[in-house]
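# Structural description and commentary
The residues making up each chain are set out below.
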Amino acid sequence: MKTQTRGERPDYEVLVVGAGFGGIGMGIRLRNAGIDNFIILEQAGDIGGTWRDNTYPGVAVDVSSFMYSFSFEQNPNWSRAYAPGEELKAYADHCADKYRLRSKIRLNTKVTGSEFDENQHLWRVSLDSGGILTTRYLILGVGALTQPKLPDIPGVSDFAGKTMHTARWDHDCDLDGKRVAVIGTGATAVQVVPAIAKAVARLDVYQRTPIWCGPKPDLLIPDLLKAVFRWVPLAQSSARMAVSAATEAVMTLGIVHHKQVPLLVEKIESACIAHLHKQVPDPELREKLTPKYGFGCKRPSFSNDYYATFTRDNVELVTDSIQRITTDGIVTADGCRREIDTLILATGFKVFERGNTPPFPVYGRGGVEIGQWWDQNRYQAYQGIALPLMPNAFSITGPYGFTGASYFQLIENQTRHALRCIESARRRKATYIAVSQDAHDRYFRWALSRTSDTVFYNSCAGSNSYYFDKHGDTPLLRPSSAVSAWWDSRNFSLKDYRFESLSTLRVTGSPPVDVEASA
């Protein structure tokens, strides 16, 4: 006679990892849907993710403030067209407070691993405290640009002065009158280099690959306009739509359909070159600052003073490769040694590589570790959010999910997708959700078929872009329009998922009961 056992009741229906905007967005979705048995785990002592961690001088959003908010919770109080970082952190706090998420967030709680229990249809999430939490559904809201990437340069750990990565800025470190070196000339350097140049005695900026940089329409938003946005929400929505449409034109036509419409990128490149010529009269310096790859291959940026900073007497652009770092300076391949007091690493973040996406071991069906599987089999996920090997789990920043137009649109799309699945499972009284292998593979084939038209495979040689992973793929961006991604998040077929039920009383060893999928 077979023994009957009661299915294990998980501690939470939904467990969200990360209290950045991704985790906050998922929490708001759950609150609004009336799903109250959830928790958000955050390893740090505060919420805000990127805008908690990045506090370096000059930090600001590098897309328009009008786009950088939830569509349902637009902020009428941005001070500038490109808001400074402290305002983004304040906006995260505002959202957490308004939507009553504080009681659902557990700070200083680091997830060290997670494992799917196929017999009980739940996830067991391990914590650094040694405890284990169980949840029916696991949401990975850990972000993509969170773990600093340190340069692989001989002697980097030997430097005896102050070293700091821009994402771990030490505000007790006084740069006034110091000899400072910045390694890296990406989007972060575009902000931090002009911000510190006036204070330091000397600034050496080490460039491997120049960045495309255009003029920044960073205007102060007058109080009258803020009042209009507060009292006439349609006015701010209209501004958001206009900026979104312009951004979408660049991303979709210029980046995704570059092969068909190369003229748009060429026009943008011409505008950037004109901006460079206006700020840098020296032709030799201009040549060093001019990218030799297409616009969009690396994350471009906007600044009204980045190029001009290199014309200052106390600033030097160094393009010779770094040979080694010593206890008190940097030696380049030409044999030149420059002494410094402070070393600033503007070297970006890990993206799609093992140990970052996800940042802890995730064991799915059959005990397969997802990070290892991705590392061996290429990064891929249905609609950028789900894997057949990861039942009951959704990743907000999964492969081929982000269109590049707005991070908040990505969050809204992916949290909507996850909620549709969870609510469907509730209606069916199902305890198991897994995307079918066919639907997953179909989406991956579609994504790969579209990448050949993008800028990445037409003019990116020598760009050293973090958009490319070890497989030569570009899984960060979804090769489609933002409108298409929005539509799919609302209308993907639930038949692409398999729903199963674990009975409250089930016979040990018996298979789960299939629940027929329907749209």
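Anything mentioned here points back to the structure above.
Report on the accompanying structure. (Residues numbered from 1 in each chain as written. Predicted model: local features only at pLDDT ≥ 70, side-chain atom pairs only at ≥ 80, totals over all residues. Heavy atoms only, no water.)

As a further point, take the sheet that holds strand E15 (residues 329–332). The three strands lie next to each other as E14-E15-E16, forming an open sheet whose pairing is antiparallel. Two strands close off the open sheet at either side, each with one partner strand: strand E14 (322–325) and strand E16 (337–339). Recorded for the sheet is a direction-independent mean angle of 20° between the axes of neighbouring strands. Bridge analysis of E14 against E15 gives three bridges, and the strand direction is antiparallel. In the strand pairing of E15, Ile-325 is matched with Ile-330. (Pairing = 2+ DSSP bridges. Helix = DSSP H or I, 4+ residues; strand = E, 2+ residues; numbered from the N terminus. Axes fitted to C-alpha atoms, helices over the stretch in contact; angles between N-to-C directions.)

Before going further, it helps to spend a moment on the sheet that holds strand E9 (residues 179–183). A sheet is described by the order of its strands in space; here five strands give the open sequence E8-E17-E9-E10-E13, paired in parallel fashion. A strand with exactly one partner marks an edge of an open sheet, and here the two such strands are strand E8 (162–165) and strand E13 (315–318). Across this sheet, the average inter-strand angle for adjacent strands is 15°, counted without regard to direction. Note that E8 and strand E17 (residues 342–345) share four bridges and pair parallel. Bridge assignment links Thr-163 to a residue of E17, and that residue is Leu-343. Those strands touched by helix H4 (residues 187–197) are E9, strand E10 (202–206), E13 and E17, and its axis lies near 165° from that of E10. (Contact = heavy atoms within 4.5 Å.)

Attention shifts here to helix H12 (residues 437–451). Every α-helix carries 3.6 residues per turn, so stepping three or four residues along brings you back to the same face. With 15 residues, H12 extends 21 Å from end C-alpha to end C-alpha; this agrees with the ideal 21 Å at 1.5 Å per step. Turning to H12, its buried residues number three or more, namely Ala-439, His-440, Tyr-443, Phe-444, Ala-447 and Thr-451. Within H12, the buried residues cover an arc of 135° as seen down the axis, which keeps them to one side. For H12, the exposed residues lying more than 90 degrees away from the buried face are Asp-438 and Arg-445. (Expected span 1.5 Å × (residues − 1). Buried < 20%, exposed > 50% of the residue type's maximum accessible area, 1.4 Å probe, protein only. Arc of directions from axis to C-beta.)

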